[in-house]
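Structural overview for review
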Amino acid sequence: MQRPVYLVTSEIYPFSKTGGLGDVMGALPLALQAQGIPVAVISPFYGRLSSGNFRIRLSISDCPVGYPWQPITADVYEADYYGVPVYFIHRGEFFDRRYYYNDHKGDYFDNAERFIFFCRAALSLIRRLGVNPSVVHSHDWQSALLPAYIHYLRQSGGFWAETSSALTIHNLAFQGRFSSRLFAGCGLPPEAWGMEGVEYYGDLNMLKGGIAYADAITTVSPTYAEEILHEHCGCGLDGILRKRKAHLSGILNGANYSVWSPEADPYLPATYSAANLSGKATCKQALLEELGLDARLMQRPVLSFIGRLRGQKGIDLLNAIVPDLIKLDVGIIVLGEGNPEHESTVLEFMEMYRGKVSAVVNYTEDLAHRIQAGSDIFLMPSRYEPCGLTQMYALRYGTPPVATAVGGLRDTIIPWPKDNFTGFTFERSSTAGFLQAVSKAVALWENDQPAWQNMVQRAMGQAFTWEEAGAAYAALYRQINRKG
Ligand code: ADP
Ligand code: GLC
């Protein structure tokens, strides 16, 4: 019998999601299953967990979570996600909150305890389920202690002797860095505290622990895998990443086209395809109405931004050029939440340019789909972008992106004026570069509709499939497999 791979993640769509991690983890297990790999997922049972129309049932009550000095347990719930078992770790004191990681005041004060508990509960659950895993695959800092645990457990042989660990970095900027006093609660041996382990300048750094111990480290695009080896993108971890370079690779995410396809999107007022784009105009008209934008924008390009209102996404660059963009006589739509300062700036623009700018400061899954479909140009001036999914969705929805040429954006957009271009990129993150790139896009829209329509059709034809990504992960698991 083939041994299972466990994916351990703090988000899995449709049950939980704050961003791209959720989307990816909703698709990766199915892609692995399609590769013939037995796979299961472990994730927290949040207070705001959605059932996503799956039946979630109690599977194990009071599963002991190996804290030797403290009898602490977790209830484990289970859903059958298209044949993949998804186990949800339930412990109210840690996960029954309004949000996932933070509220408007900032990060939850006990995030270290919450996710150390989550990692330990994942280990206890896997042990309890009783089949030795071939790989335990962590995602981001919230599950990044697992490679460290597996490294030490493996030394004592037995159940874990033939288990490998993998860590995927979806965003190097979030590291799970906490006070050193929390190290004791990890239950790792004292030798894990040090430069070669989970310590980082006197603090506990959970992501660094994963990087130090994982048998394979991946990140979500080839370009980002290269960028993080350098100081300007390394978020202070470029040193250890360079040291572990032989184990680091970039595997481009796929886009989940069963959720994101204009041909069959239940959130849209009309569906459309590259062969018949008439539904896109219907989507645009309905979107202008929904958001209270001028109907005359049907004759002008409408620009959109969807994402976290944070420095990473370059929302400040967009805010800086809104008055210039308005001079180009375009419509602008922003959907996002995040930094309160950026939130109020986009809302002020909506007041200032009524009918031309619409800002929705909220997290609204269905509106994200309607904006992708109903706008003409997608804006993504990210300072860095490990992969980025929204530009992949924009391409598929025939809304060519204008983006910084970094990370996954570089790997997915074919920039004007290359043959077969599918969008526009600019090299360094600057307001001047961004404005220039948007102006080029608007000029093409105005002056050469046939060229624009050809670009739209090429963009819609680009495919970033999970079949390809799944095969790459399967190959990686074979490489690190410990049992012949
Ligand atoms: P990141 O994970 O860095 O936030 P990605 O491009 O990988 O960026 O994925 C972002 C995901 O989150 C996409 O599915 C996008 O549609 C969604 N998203 C981001 N902000 C919002 C929002 N305010 N409302 C709805 N969906 C959002
Ligand atoms: C992170 C990154 C984003 C990536 C997503 C899924 O949130 O910021 O670029 O697409 O993870 O891997």
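If you're wondering where the values come from, they're calculated on a predicted model, not measured in any experiment. (Residues numbered from 1 in each chain as written. Chains lettered and ligands numbered in written order. Predicted model: local features only at pLDDT ≥ 70, side-chain atom pairs only at ≥ 80, totals over all residues. Heavy atoms only, no water.)

**Some thoughts on the nonpolar core**
Ile42, Leu188 and Ile211 are the most contacted members of the largest nonpolar core, which has 172 residues in total. When residues of this core are assigned to domains, at least three map to each of domain 1 (5-254 + 467-480) and domain 2 (278-463). (Core = buried A, V, L, I, M, F, W, Y, C linked by side-chain atoms within 4.5 Å. Buried < 20%, exposed > 50% of the residue type's maximum accessible area, 1.4 Å probe, protein only. Domains from an automatic or database assignment.)

**Points about the pairing of strand E5 (residues 84-90)**
In terms of residue burial, E5 counts as a mostly covered element, since 5 of its 7 residues are buried. Note: strand E2 (residues 39-44) against E5, 4 bridges, orientation parallel. Opposite Val41, over in E5, you have Val86 as the bridge partner. From the end of strand E4 (residues 73-81) to the start of E5, which pair antiparallel, there are 2 residues, and Tyr82 there has a positive phi angle of about 50 degrees. (Helix = DSSP H or I, 4+ residues; strand = E, 2+ residues; numbered from the N terminus. Pairing = 2+ DSSP bridges.)

**Side note on the site of ligand 2**
Near ligand 2, the surroundings consist of 14 residues, among which His170, Asn253, Glu385, Cys387 and Gly388 are the closest. Between ligand 2 and Asn253 there is a distance of 2.9 Å, counted from an oxygen atom to a side-chain nitrogen or oxygen. Within the contact set of ligand 2, an oxygen atom lies 3.0 Å away from a backbone nitrogen or oxygen of Cys387. In the complex, the protein chains occlude 92% of the 310 Å² of accessible area that ligand 2 would expose alone. (Near = heavy atom within 4 Å. Polar contact = N/O pair within 3.5 Å; in protein donor to acceptor, adjacent residues only side chain to side chain. Areas by Shrake-Rupley, 256 points an atom, 1.4 Å probe, with all protein chains shown as cover.)

**Brief notes about the sheet that holds strand E20 (residues 424-426)**
Spatially, the 6 strands line up as an open sheet ordered E17-E16-E15-E18-E19-E20, and their pairing is parallel. Two strands lie at the open edges of the sheet, namely strand E17 (357-360) and E20, each paired on one side alone. Strand-to-strand, the axes of this sheet are offset by a mean angle of 20 degrees, without reference to chain direction. As defined by bridge partners, strand E16 (residues 331-335) adjoins E17 across 4 bridges and the pair is classed as parallel. Residue pairing in the sheet places Val334 in a bridge with Ala359 of E17. (Axes fitted to C-alpha atoms, helices over the stretch in contact; angles between N-to-C directions.)

**With respect to the site of ligand 1**
Within the structure, ligand 1 sits among 21 residues, and Gly20, Asp23, Arg308, Lys313 and Asn362 are positioned closest to it. For ligand 1, an oxygen atom lies 2.7 Å from a polar atom in the side chain of Arg308. Here a nitrogen atom of ligand 1 and a backbone polar atom of Asn362 are 2.8 Å apart. Protein chains shield 93% of the accessible area of ligand 1, which is 570 Å² for the free molecule. Among the elements of the structure, helix H1 (20-34), helix H12 (365-374) and helix H13 (390-396) are those that each provide at least two residues to the shell around ligand 1.

**Some details on the domain arrangement of the protein**
Assigned domains within the protein: domain 1 (5-254 + 467-480) and domain 2 (278-463). The straight-line distance from the C-alpha centre of domain 1 to that of domain 2 is 33 Å. Each partner contributes residues to the interface: domain 1 has 20 residues there, and domain 2 has 17 residues. Taken together, both faces of the contact between domain 1 and domain 2 bury some 1400 Å²; the carbon and sulfur share is 55%. Here domain 1 and domain 2 share 1 salt bridge between them. Note that Glu365 and Lys17 form a salt bridge whose closest N and O atoms lie 3.2 Å from each other. (Contact = heavy atoms within 4.5 Å. Buried area = accessible area lost by both parts, 1.4 Å probe. Salt bridge = Lys/Arg side-chain N within 4 Å of Asp/Glu carboxyl O.)

**Considering the pattern of salt bridges**
Going through the model one piece at a time under the given rule, you end up with 21 salt bridges. With a shortest N-O distance of 2.7 Å, Glu93 and Arg91 are connected by a salt bridge. Here Arg370 and Asp366 are joined by a salt bridge, their closest N and O atoms 3.5 Å apart. Of this pair, Arg370 and Asp366 both sit in helix H12, 4 residues apart, which is roughly one turn of the helix. When its relative accessible area of 17% is taken as the criterion, Arg370 is described as buried. Residue class for Asp366 comes out partly exposed when judged on its relative accessible area of 26%.

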